[in-house]
Amino acid sequence: MDLKTAASQAAPARRPAATDLLQRRPELASLFLLVAICIAVAVVNPAFLQASSLVDMGRASVVTGLFALGVFAILAAGGIDVSFTAIAALTMYSLTLMVLTVAPWMPMSLILVLSIVSGAILGAINGLLVYGLGVPSLIVTIGTQYLFRGILLAFIGTVWLMELPPQMVAFGKASLFDFETANGAIITLPVYFLVFPAAAILTWLLFQRTLMGRAIFATGGNAEVAARLGYDQRLVHVFVFAYAGALAGLAGIVHVSANRMANPFDLVGSEIPVIAAVVLGGARITGGTGSVFGTVVGVLLITVVNNVLVLVGIPSTWQRVVVGSFILLAAAFFVTRQRQFHSESIK
């Protein structure tokens, strides 16, 4: 055996460039799947790419996207949160009721600021409990989810508010631009759509340009090592949960304004699709990984899948079955790929 043959046998097999790329950027698999679904559905039903459908999907992605960005921040730190819908419900209903009964003069800008501050306070409670009690964040947020919903239903109200303050109605109706379709229908892209990309840019800046972003990823990778490096674990936990709560409070007000009614039972059950969107975007439940771009891709993927199910006429009772099956298959794909990468790296 010559030296060249021995060296080739001793050296590990070089992985294809595409495999290496998927290892570094797992969200590209979801992006490819998103593009493939859009092309396939557009071929079968060209109405899928009409302006009305695209605008509807854009509207539908805003609240889910705000939730997902907050969940991404918590997952990156190695935690998990299932209380964000309860934070959104408590914030949106209590603020709407307060404006209706106590402060009808309040401008919409102040309502938005109060929703962010209120959500951040509720989220910070989660962070303090997670750090102070030293128990898994899933357990804490299950408890606070019931606590926040219990406060809402027991002390604030359970009646649907069908008439909103005029400033909230105006915010929900405000148009970024209008255009007329071939059949004469007017399609409106609302101003509140900008909230999602603005929050995505802010979150990207947080993780890419600040010390807190590095501290969050370090904590999610290994909390003990992060603490030895000087990162304040109490501050990191409080910050990520407060940040997620702030986005949840904002999402609640956007949801109420867009739907033009306040229902205390809204948003129940949307936790799993939101978490799934973040995981499909490449974030691991164990923490330390993920990206804002991947989170946005995951949100768009979940939104498109839901829209496609409506277009093909699948009954709403079966849509959860289809979406759940899709999530399981996608999760199995990511786990399989990670195991393959791990085994190849060992070799």
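Heads up: the structure comes first, above all this text.
Residues numbered from 1 in each chain as written. Predicted model: local features only at pLDDT ≥ 70, side-chain atom pairs only at ≥ 80, totals over all residues. Heavy atoms only, no water.

### Notes on the side chain of Asp-266
For the record, the criterion: Helix and strand definitions follow DSSP, with helices as H or I runs of at least four residues and strands as E runs of at least two, each counted in order from the N terminus. The buried label goes to any residue with under 20% of its type's maximum accessible area, the exposed label to any with over 50%, and the partly exposed label to all in between, with areas taken from a 1.4 Å probe on protein chains only. Positive charge is attributed to Lys and Arg, negative charge to Asp and Glu, and no charge count is given to His or to the chain ends. Salt bridges are defined by distance alone: a side-chain nitrogen of Lys or Arg within 4 Å of a carboxyl oxygen of Asp or Glu. The contact definition used throughout considers only heavy atoms, calling two residues in contact when any of these lie within 4.5 Å.
As for its placement among the helices and strands, Asp-266 is situated in the loop between helix H12 (233-259) and helix H13 (271-280). Buried Asp-266, no salt bridge; nearest opposite-charge side chain is Arg-149, N-O distance 8.6 Å. In this view, Asp-266 contacts Ala-89, Met-92, Arg-149 and His-255; residues no more than four positions away in its chain are not counted.

### Points about helix H10 (residues 211-221)
Residues three or four positions apart in an α-helix share a direction because the helix packs 3.6 residues into each turn. Stated precisely, the cut-off is as follows: The directions considered for the arc are those from the helix axis to the C-beta atoms.
Residues of H10 that are buried: Met-212, Gly-213, Ala-215, Ile-216, Thr-219 and Gly-220. With its buried residues spanning 160° around the axis, H10 presents them on a single face. In this structure, H10 carries Leu-211 and Gly-221 as exposed residues pointing more than 90 degrees from its buried face. Looking at the buried positions of H10, the neighbouring elements they touch are helix H4 (51-76), helix H9 (195-209), helix H11 (223-228) and H12.

### Re the pattern of salt bridges
This structure, assessed with the given rule, holds one salt bridge. As a salt-bridge pair, Arg-59 and Asp-56 come within 2.7 Å of each other at their nearest N and O atoms. Taken as a pair, Arg-59 and Asp-56 lie in helix H4 at a separation of three residues, close to a single helical turn. When its relative accessible area of 40% is taken as the criterion, Asp-56 is described as partly exposed.

### What about the packing of aromatic side chains?
Put simply, the rule reads: Only Phe, Tyr and Trp rings are paired, with Trp represented by its six-membered ring, and only when their centres lie within 6.5 Å; those with planes under 30 degrees apart are stacked, over 60 edge-to-face, the remainder tilted.
In this structure the tally under the stated criterion is five aromatic pairs. Measuring from ring centre to ring centre gives 5.1 Å for Phe-67 and Phe-84, while their planes differ by 50°; the resulting arrangement is tilted. Taken together, the residues Phe-67 in helix H4 and Phe-84 in helix H5 (residues 84-101) connect sequence positions 17 residues apart. Side by side, Phe-67 and Phe-84 carry an identical accessibility label, which is buried. Centroid distance Phe-72 to Phe-217: 6.5 Å. Interplanar angle 65°. Geometry classified as edge-to-face. With a gap of 145 residues between them, Phe-72 in helix H4 and Phe-217 in helix H10 connect regions that are remote in the sequence. Site record: aromatic cluster; members linked through ring pairs are Phe-72, Phe-207 and Phe-217.

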